[in-house]
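Notes for the structure review
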Amino acid sequence: MYSLKDKVVAITGASSGIGHALAIESLNRGAKVAVCARNLEKLKAAFPQHNENILFAAADVGREHDCEQFIESIIGKWGRVDVLLNNAGITMRALFEDADLSVIKELMDINFWGTVYCTKYALPSIRSNKGVIVGVSSIAGYRGLPARTGYSASKFAVQGFLEALRTELLHTGTNVMWVSPGFTSSNIRNVARSANGTAQGETPLDEGKLMSAEICAGIILNAVQNGKRSVVMTGQGKLTVWMNKLFAGLADKLVYNHFLKEPNSPLAKYEANRG
Ligand SMILES: NC(=O)c1ccc[n+]([C@@H]2O[C@H](COP(=O)([O-])OP(=O)(O)OC[C@H]3O[C@@H](n4cnc5c(N)ncnc54)[C@H](OP(=O)(O)O)[C@@H]3O)[C@@H](O)[C@H]2O)c1
C-alpha cells in the first residue's frame, strides 16, 4: 500500500468541494499539502489550520504559467512532488446551440488544459519519486450528458490523455489514474456556466441528498493508496457507465429523460416540437 505519510501532495482547486475535502483528508493521512485556487483569500479562509504542512498558492489552472509557478513553489518549499490531484474544474448547463463558444473553450482550458499543464510541470519530480498522477474526471468522462457538451468533452479528453500517459509510464513505477465521482455535494452547480458564460447561481439538485465531498475524497485517496487504475463512484454512476457500454442507444434515452426532469431543464426547449 502506498503511504501518504510525509508525501508531498499537490491539489488544484482546493477552496471548496472535493478539492477541499481531499486536502483535509491528505493532511489527516500525514501528507504535506500544496493547494491552489484562483481566489487566494477564499482558499486561505477555507483552512483555519495554517501550519508548516500547508502551502497556499493563487493559480488559474487555465494558464500555463500559473501551473508552472504552482509546481515550482512546491519544489521550492519541499523539493519534490509525490502526488498530483488534478481536481480544479467547472461545469456548464446550456444547450450547445445556445452556448457561446467561449463557454466550451473555458471548460477545455480549465478542465483539460489545467490537467495537462500541471501534469507536465510535476511529472519529472513525480516520476523520479515513483508517485501518482490523478485526474478528477466524472461520469461525463464516460457518457456524454445533454446540456453539458463542453464539460463532457473536457472529461473525455482528460481520460484519454491520462490513459495514454498511464500506458507510456507503465513500467516507470508512476501510477496514472482517474476517478469519476457521481453527483457530489459541492459548489460546482452554483457556478456552472450558463449559455452566456455567467454562473447559473443555483443548483437544480438537492445537494443534501448527494454523496458528500468528504466521502468522495476518502474514496479517491484510498484508490491512490491502493494503486488503482480508475474508480467510478455512486450506484447511479456505475449503472450509467455499464449501461452505456452495453446498451448505448437505450442509455441515450434514459440519460435524456433523466436530464429533462431537472428543474428548468434546457432540454424543455426541444420538447415543444418533439419529432
Ligand atoms: N460535484 C460533483 O457532482 C462532481 C461530479 C463529478 C466530477 N466532479 C469534478 O470534481 C472536481 C471538483 O469539483 P467540485 O464539485 O468540488 O466543485 P467546486 O466546489 O466548485 O470546487 C471547484 C474548485 O476548483 C477551483 N477552481 C475553479 N476554476 C479554477 C481555475 N481555473 N484554476 C484553479 N482553480 C479553479 C475553485 O476555486 P476558485 O473558483 O476560487 O478558483 C474551487 O476551489 C471538478 O473537476 C469536477 O468536474 C464533480
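The written sequence of each chain sets the order in which its residues are numbered from 1. pLDDT decides what is reported in this predicted model: residues at 70 or higher carry local features, side-chain atom pairs at 80 or more are listed and counted, and totals for whole chains, interfaces and linings draw on all residues regardless. For side-chain calculations, the full set of non-hydrogen atoms in the structure is used, while hydrogens and water are omitted.

Turning our attention to the sheet that holds strand β1 (residues 8-12). Strand order in the open sheet made by the seven strands is β3-β2-β1-β4-β5-β6-β7, with parallel pairing throughout. The sheet is open, and its two borders are formed by β3 (54-58) and β7 (230-232), each paired with just one other strand. Here the average twist between neighbouring strands, direction ignored, is 15 degrees. Any two strands with at least two DSSP-identified bridges between them are counted as paired. In this description a helix means any DSSP run of H or I spanning at least four residues, a strand means any run of E spanning at least two, and both kinds are numbered starting from the N terminus. In the sheet, strand β2 (residues 32-37) pairs with β3 via five bridges, with the strands oriented parallel. Within β3, the residue paired with Cys36 across the bridge is Ala57. Running at roughly 175 degrees to strand β4 (residues 83-86), helix α4 (residues 101-128) makes contact with β1, β4 and β5 (132-136) of the sheet. What counts as an axis is a line fitted to C-alpha atoms, over the stretch in contact for a helix, and the angles between N-to-C directions run from 0 to 180 degrees. Here a residue-residue contact requires only that any non-hydrogen atoms of the pair lie within 4.5 Å.

Next up on the list: the pattern of salt bridges. Whenever a carboxyl oxygen of Asp or Glu lies within 4 Å of a side-chain nitrogen of Lys or Arg, that contact is scored as a salt bridge. Taken as a whole, this structure holds 15 salt bridges when the rule is applied. In this structure, Glu262 and Arg148 form a salt bridge, with 2.9 Å as the shortest nitrogen-oxygen distance. With Glu262 in the loop between α8 (248-260) and α9 (268-271) and Arg148 in the loop between β5 and α5 (149-168), the pair connects residues that are 114 residues apart, well separated along the chain. By the burial criterion, Glu262 is buried, and Arg148 matches it. Between buried and exposed lies partly exposed: a residue is buried under 20% and exposed over 50% of the maximum accessible area for its type, with that area taken using a 1.4 Å probe on protein chains only.

Taken together, the side chains of Leu239, Trp242, Leu246, Phe247, Leu250 and Leu254 define a hydrophobic patch exposed on the protein surface, amounting to about 600 Å² of accessible area. At the level of elements, α7 (235-246) and α8 are the ones that each hand at least two residues to the nonpolar patch. Of the residues forming the nonpolar patch, the biggest block, three residues, is contributed by α7. Mapped onto the secondary structure, Phe247 falls in the loop between α7 and α8. Here, patches come from residues exposed beyond 30% relative accessible area and free of salt bridges, joined within 9 Å for like charges and within 5 Å for nonpolar side chains (Val, Leu, Ile, Met, Phe, Trp, Tyr). Only the protein chains shown count as cover for residues, and the accessible areas themselves come from Shrake-Rupley with a 1.4 Å probe.

The next thing to look at is α7. A helix's residues, less one, multiplied by 1.5 Å, set its expected span. The terminal C-alpha atoms of α7 lie 17 Å apart, and with twelve residues this matches the ideal 16 Å at 1.5 Å per residue to within 8%. All buried positions along α7 are accounted for by Gly237, Val241, Met243 and Asn244. As for α7, its buried residues are in contact with β7 and α8.

Attention now goes to the packing of α4 against α5. At a closest axis distance of 8 Å, the pairing of α4 and α5 adopts a crossing angle of 20 degrees. Relative to α5, α4 is oriented roughly parallel. Our pair here, α4 against α5, has a crossing hand that is right-handed. Of the residues in α5, those in contact with Ile104, Leu107, Met108, Asn111, Phe112, Thr115, Val116 and Thr119 of α4 are Thr149, Gly150, Tyr151, Ala153, Ser154, Lys155, Ala157, Val158, Phe161 and Leu165. Gly counts as polar in this scheme, as do all residues outside two lists: the nonpolar Ala, Val, Leu, Ile, Met, Phe, Trp, Tyr, Cys and Pro, and the charged Asp, Glu, Lys and Arg. Looking at the contact of α4 with α5 residue by residue, the classes come out as eleven nonpolar, six polar and one charged. Oblique is the label for every angle not falling under 35 degrees (roughly parallel), over 145 degrees (roughly antiparallel), or within 65 to 115 degrees (roughly perpendicular). Working rule for handedness: look at the near helix, and if it is turned counterclockwise from the far one by less than a right angle, call the crossing left-handed; if clockwise, right-handed.

Interpretation note: all reported values are geometric properties and have no functional meaning in isolation.
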